[in-house]
Structures are given as C-alpha cells and as structure tokens.
Amino acid sequence: MTKVAPGRTKVAFIGTGIMGSAIAGHILDAGYDLTVYNRTKKKADALVGRGATWAESPSAAAEGADVVFTMVGMPADVEDVYLSGDGLIRAARRGSWLIDLTTSSPQLAKDIHDAAEVGEVHAFDCPVTGGQAGAEAGTLTLMVGASEADAADVEPLLETFSSKRFYFGGPGMGQTAKLCNQVSLASCMVGMADALALAEQGGLDTGQVIEMIGAGMGSSRALAELGPQALEGDWRPGFFSEHMLKDIGLALEQAEDLDITLPGAETAFTLYDMLCQIGGARLGTQALSLLYATNEDATAAGLDWSLLEIDSDEHDEGCGCGHDHGDHEHCGCEHGHGGCGCEHEGEES
Ligand code: NAP
C-alpha cells in the first residue's frame, strides 16, 4: 500500500469508549472515510452522527478497510476481536493494516502479528499515553511495536491523534514500553494517595501541599492533575481503576517471566486490587485515595469494605483454584491477592 491519505484510505475503528471515541473523531476530522463498531452501539452514535458508517461486527468493519484500529478494554477483548472465528485476522484484506491501541499483553501482540503475517496483513501494537485529555486534544504519545520504516505508510494517520511517537522496533515492544509507563504511573498514584493522606491528617492545607510538591522533585502529573480531583471527591473515570489493575498485572506477569521483582508495582497492585474488590473498579484511578478515607466517605463513593472479607480457611488451606496464594495475581481468579496478606479488617480504612 502507498502512504495513507484522506479520500484514498478507508479506515475502520473498533472500540469507541472514552479513548476510542476521541481518537476516531480526529481521524474523521482529518477527512478519512471511517467505519465504526463498538460492543455497545450507542457509544458510537455521536461518531455516526458526524459522518462515520456503522458496521454490525468487527469483521464487517474490516471488510474493505485499508487500516483497522482497535481500542478495546482488556486483553481478552483484544483476543476476541482479532483471533475469534469472526475476528479481524480472518476478515482483514491482504495488504491491509491492523493497529491495536489497547493496553494489552506483549505476547498477545506478537501472536496477532504472526497470525496476520501469514495472510500478508500488517499488524502492530500501538498503545497510547496521555489520558482522556490527550485523546481529546489529539496530543497522545504512542508506543509503537514496529520500526519507524515499517510503520511509515500509516504515519499520517497516527499523526492525526498524537504529538509524539516512539518506535520500539518489533511486535509486543510497544506494549512492553507501555507497561514501563504504567509501572511508573502506578507508583506515582500510590505516592499521590500517601502524600494527600499525610497532608490531611497532618492538618496542612492540601491544595498548598499539591502546589508545593509540584515545585520540586516530588512532582508528578498524576499528583498535579488527579490530586485536586481526589481532594474534591470527584471519582469519575478518565482512566478506570480496573484498567490500571490490568496493566500492573500484565507488568508483573512480564517481570515474573524475566525473573525480576518490581516491589513498587506489587504494592500498587495490592492497593488497586483491594479498590476493585470493594466496588471501585469503574471509578477513576484517583479513587485510590478512598482506601485512606473514612468509612463514611468510602461508602458515599459506593465502596463496600465488607466485600474484601475472605474466609480464613481459604488462607490456611488454599482456595481451590489450583494456585498458590502468592500466584493469585496472575491467575485471574476472584480471590483477594493483597487481601490474603493485608492488614485491613474490612472496617479499617
Ligand atoms: P472504555 O471506555 O471501556 O473503552 C473500551 C471500549 O471497547 C468500550 O466502549 C467497549 O464496549 C469496547 N469493547 C470492549 N470489547 C469489545 C469487543 N469485543 N468488541 C467491540 N467493542 C468492544 O475504556 P478506555 O478508557 O477507552 O480504555 C481503552 C483501553 O485504553 C484500555 O486498554 C485502557 O487501559 C487503555 N488506556 C486508557 C487510557 C485512559 O486514560 N482512559 C489511557 C491510555 C490507555 P462497551 O461500551 O460495550 O463496554
């Protein structure tokens, strides 16, 4: 294929949630012919209203498309959209491009790349960072699992919604780079929640503390942008806590494969897992502060600490899932991970 261009290149976009709807909007604004599909149709209505064409399935969206973007939630969603019987690998035209923007598993990205290659389809992972604000402004940073030369034909499309692109050379490498970002962010979020709790309990003006930290080495965009939201009790998601938990879990899996430990990420995993277990999965990541809040405030935000309670027999005899307790992080079972070793008794927060 020659370089993409509006008027010549047909684009499909699958997954029009918080990030996908904004990104697809920029592709549409740049003048590309756009077809969209999302599991819940109404989340694509605004794009259809602006001129996109609705498709009834991922494979229908891919029919005739030169470039297909995906921005779904979890690795299982990516697997479903690409590798199921009715998935993109079967539906994609020879010579077309499949670009996954989801934060997902590096190994899955490699599997998709290899499966696509068999049918002479180009596929690469391209997770993003910059949050909802970056998606809306079209200023995301991209972590590309391909070389710059290999992705050159689709670069103009990537430029419609990003301001920085880092090429990591090969399939899965974009996802690994994104997991490095998430590991760093996860510890920043724990730092934010710790600092705000200490400031509040220490009787300080919390707004002043955020400003003060922002002036020095302790600063982070997480604290600057999400700290004020946490102080206002605004837990609405720009980035879901369950997606943060998924990302840290993927990083820990990779660390295990590499035989290294990531203590900061492990702490963050324990805390986000706790938050998700007690009802915070669909709250924004700033809701980590609710783990430090009074029971009254946590309940008002929709959390229920009693959900964390685990039968003490399970601690002693295993839960029957076939994993050692230390391995629950990666098995996807419903059992508490941090909960197994945590010091919370449900009431204390
Ligand atoms: P989101 O709002 O939940 O969007 C995901 C969308 O994918 C939803 O609309 C969902 O449909 C759709 N979907 C899931 N499975 C599907 C399937 N099998 N077929 C079709 N559509 C499917 O989440 P998001 O915040 O946009 O995040 C998307 C991804 O980007 C996640 O991997 C996240 O970790 C990553 N990310 C997010 C941010 C952020 O700040 N939000 C930043 C960087 C990266 P339904 O509407 O039916 O649920």
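Preceding this paragraph is the structure being described.
Residues numbered from 1 in each chain as written. Predicted model: local features only at pLDDT ≥ 70, side-chain atom pairs only at ≥ 80, totals over all residues. Heavy atoms only, no water.

Chemist: Go over the nonpolar core, please, and point to the residues and values.
Modeler: F13, I23, I27, F69, L101 and F124 are the most contacted members of the largest nonpolar core, which has 55 residues in total. Element by element, the count of residues in this core is highest for helix 1 (residues 18–29), at six residues. Look past the residues within four positions of F69 in its chain and what remains in contact with it is V11, A12, F13, I14, I27, I99, L101, L157, L158 and F161. (Core = buried A, V, L, I, M, F, W, Y, C linked by side-chain atoms within 4.5 Å. Buried < 20%, exposed > 50% of the residue type's maximum accessible area, 1.4 Å probe, protein only. Helix = DSSP H or I, 4+ residues; strand = E, 2+ residues; numbered from the N terminus. Contact = heavy atoms within 4.5 Å.)

Chemist: I'd like to hear about the sheet that holds strand 1 (residues 10–14), residue by residue, with values.
Modeler: With parallel pairing, six strands are arranged side by side in an open sheet as 3-2-1-4-5-6. Where the open sheet ends on each side, the last strands, each with one partner, are strand 3 (53–54) and strand 6 (122–125). As paired elements, strand 1 and strand 2 (residues 33–37) share five bridges and run parallel to each other. Paired with K10 across the bridge in strand 2 is D33. Along the sheet, helix 1 contacts strand 1, strand 2 and strand 4 (67–70); its crossing angle with strand 1, the most-contacted strand, is approximately 170 degrees. Sheet strands in contact with helix 4 (residues 75–83) are strand 1, strand 4 and strand 5 (97–100), and its direction is about 170 degrees off that of strand 5. (Pairing = 2+ DSSP bridges. Axes fitted to C-alpha atoms, helices over the stretch in contact; angles between N-to-C directions.)

Chemist: I'd like to hear about a nonpolar patch on the surface, residue by residue, with values.
Modeler: Side chains of F166, F168 and M173 sit close together on the surface and give an oily, nonpolar patch of about 290 Å² of accessible area. Position of F168 among the secondary structure elements: in the loop between strand 9 (162–167) and helix 9 (173–201). (Patch = residues over 30% accessible without salt bridge, like charges linked within 9 Å, V, L, I, M, F, W, Y side chains within 5 Å. Areas by Shrake-Rupley, 256 points an atom, 1.4 Å probe, with all protein chains shown as cover. Salt bridge = Lys/Arg side-chain N within 4 Å of Asp/Glu carboxyl O.)

Chemist: Can you break down unusual backbone geometry residue by residue, with the values?
Modeler: Even without being a glycine, E120 presents a positive backbone phi close to 55 degrees. By the element assignment, E120 lies in the loop between helix 6 (106–118) and strand 6. Even without being a glycine, D259 presents a positive backbone phi close to 60 degrees. Considering the arrangement of structural elements, one finds D259 in the loop between helix 12 (241–258) and helix 13 (263–280).

Chemist: Outline the site of the ligand, listing residues and values.
Modeler: Taken together, 27 residues surround the ligand, and among them T40, K43, G73, G238 and K246 come closest. Between the ligand and R39 there is a distance of 3.0 Å, counted from an oxygen atom to a side-chain nitrogen or oxygen. Out of a free accessible area of 890 Å², the ligand has 94% covered by protein chains. Sorting the residues of the shell around the ligand by element identifies helix 1, helix 4, helix 7 (131–137) and helix 12 as the ones contributing at least two each. Sorting elements by how many residues they give to the shell around the ligand places helix 4 first, with three residues. Taken together, the residues that form the shell around the ligand break down as nine nonpolar, 12 polar and six charged. Counting residues domain by domain, the shell around the ligand receives three or more from each of domain 1 (10–170) and domain 2 (176–317). (Near = heavy atom within 4 Å. Polar contact = N/O pair within 3.5 Å; in protein donor to acceptor, adjacent residues only side chain to side chain. Nonpolar A, V, L, I, M, F, W, Y, C, P; charged D, E, K, R; others polar. Domains from an automatic or database assignment.)

Chemist: Could you give an account of the side chain of S220, with specific residues and numbers?
Modeler: Note on placement: S220 falls in the loop between helix 10 (206–214) and helix 11 (221–231). A distance of 3.0 Å separates a polar atom in the side chain of S220 from the backbone nitrogen of L223.

Chemist: So what about the packing of helix 9 against helix 11? Which residues, and what values?
Modeler: For any two helices packed against each other, one specifies the inter-axial angle together with the distance between the axes. Interhelical geometry of helix 9 versus helix 11 gives an angle of 45 degrees and a closest axis separation of 10 Å. On the basis of their axis angle, the class for helix 9 and helix 11 is oblique. The hand of the helix 9/helix 11 crossing is right-handed. For the pair formed by helix 9 and helix 11, the contact residues are L185, C188, M189, M192, L196 and E200 on the first element and A222, L223, L226, G227, A230 and L231 on the second. Tallied by class, the residues present in the contact of helix 9 with helix 11 amount to 10 nonpolar, one polar and one charged. (Parallel < 35°, antiparallel > 145°, perpendicular 65-115°, else oblique. Left-handed = near helix turned anticlockwise from the far one by under 90°.)

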